[in-house]
Amino acid sequence: KRVAILVSGGGSNMVKLVESMTGDHPARAVLVGSNDHGAGGLKRAEEMGVPTFAVDHRPFGKDRAAFEAELIRHLDAARPDILCLAGFMRILTPTFINHYAGRMLNIHPSLLPKYKGLHTHARALEAGDSEAGCTVHEVTAELDDGPILGQARVPVVPDDTPETLAARVLAEEHKLYPAMLRKFAEAL
Ligand code: GRF
């Protein structure tokens, strides 16, 4: 199976996904893309020998369709069977999501359905939650809402800040996402 990954930032989840696709794993990373030419994940992908592309979303302004058409042009040139969003921070329209329907995953840093959207750790702390975590789910048109493949939980500790909680959750993301991608690729 051919896997493409979209990032917007450092791409730590992408690195773990790429590193996991070796040996008898049924998938291989074929492309890493970003909406930001300066995304650290692009350099990390190139260091691992994975082809990359970037399409800056800003020149497209509010024309999401044109931006997404350009993303699809780059992505489909690599013939991906699976598309993974990994710290990709642009909202995608139903047109884009339908194009990859049933083969598009995302990792979200909360125990969905709690805390869809942004600032998940601050919201969990604000709510006084005793635990937090992350979710790998299939991407559907509804933001952070598709079928859940798996979750990982971490304790919230008394002097947690959004940063300390984020770091604890990120360590779990780095284990959960590769495990869920492998299961998904084996079943596809
Ligand atoms: C992580 O919190 C992840 O849950 C979210 O984006 C953040 C950065 O991820 N999706 P990465 O280091 O760029 O993979």
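For every chain, the first residue of the written sequence is number 1, and numbering continues from 1 onward in sequence order. Per-residue local features of the predicted model are confined to residues with pLDDT of at least 70, and side-chain atom pairs are confined, for both listing and counting, to 80 or more; whole-chain, interface and lining totals are unaffected and use all residues. Side-chain numbers come from the whole structure's heavy atoms, not from hydrogens or water.

Moving on: the site of the ligand. In this text, near means that some heavy atom of the residue lies within 4 Å of the molecule or strand in question. Residues in contact with the ligand, as listed here, are Gly-10, Gly-11, Ser-12, Asn-13, Gly-87, Ile-107, Pro-109, Leu-170 and Glu-173. Measuring from a nitrogen atom of the ligand, one finds a backbone N or O atom of Ile-107 at 3.3 Å. Surface exposure here means Shrake-Rupley accessible area, sampled with a 1.4 Å probe, where a residue is shielded only by the protein chains that are shown. Contact with the protein chains covers 78% of the free accessible surface of the ligand, which is 360 Å². The pocket occupied by the ligand, as judged from atoms lying within 2 Å of grid points, is the largest pocket. Secondary structure is summarised from DSSP: a helix means a run of H or I of at least four residues, a strand means a run of E of at least two, and numbering begins at the N terminus for each. Those elements that provide at least two residues to the shell around the ligand are α1 (12–20) and α6 (162–187). Polar contacts here mean pairs of N or O atoms no more than 3.5 Å apart (in protein, one a potential hydrogen donor and the other a potential acceptor; neighbouring residues in sequence count only if both atoms are side-chain atoms). A cavity here means a set of points on a 1 Å grid, drawn over the protein atoms and nothing else, where a 1.4 Å probe fits but cannot get out; a pocket is an open set with protein on both sides within 12 Å along at least five of seven lines, and a residue lines either one if it has an atom within 4 Å of a point. In this description, a molecule resides in a pocket or cavity if more than half of its atoms sit within 2 Å of the grid points defining it.

Buried, partly exposed and exposed residues are distinguished by accessible area as a fraction of the type maximum, computed with a 1.4 Å probe on protein chains only: under 20%, between the cut-offs, and over 50%, respectively. When α1 is considered as a whole, its buried residues turn out to be Ser-12, Asn-13, Met-14, Val-15, Leu-17 and Val-18. By definition, residues are in contact when any of their heavy atoms lie within 4.5 Å. Among the structural elements, β1 (2–7), β2 (28–34), α2 (40–47), β4 (82–85), β5 (104–108) and α6 are those in contact with the buried residues of α1.

Our next topic: the sheet that holds β4. Sheet architecture is open: 7 strands sit in the order β3-β2-β1-β4-β5-β6-β7, paired in mixed fashion. Two strands in the sheet have a free side with no partner beyond their single neighbour: β3 (52–54) and β7 (148–155). Across the sheet, the mean angle from the axis of one strand to that of its neighbour is 20 degrees, orientation sign disregarded. Fitted lines through C-alpha atoms serve as axes, helices being fitted only where they are in contact, and the angles separating the N-to-C directions of these axes extend from 0 to 180 degrees. Of the strands in this sheet, β1, β2 and β3 touch α2, which is tilted by about 160 degrees from β3. Two strands pair if DSSP finds at least two bridges between them.

UniProt positions are given in the numbering used here, feature names are shortened, and annotations may be inferred rather than shown by experiment. Here, the residues flagged by UniProt with the feature "binding site: N(1)-(5-phospho-beta-D-ribosyl)glycinamide" (unreviewed entry) are Gly-11, Ser-12 and Asn-13. Annotated residues from the preceding list that form part of the lining of the largest pocket: these are Gly-11, Ser-12 and Asn-13. Of the residues examined, Gly-11 reaches a relative accessible area of 9% and is grouped as buried. In this structure Gly-11 touches Gly-41 and Arg-44, once residues within four positions along its chain are discounted. Overall, Asn-13 belongs to the buried group, its relative accessible area being 7%. Sequence-distant contacts of Asn-13, that is, excluding residues within four places in its chain, are made with Ala-86, Ile-107, Leu-170, Glu-173, His-174 and Tyr-177.

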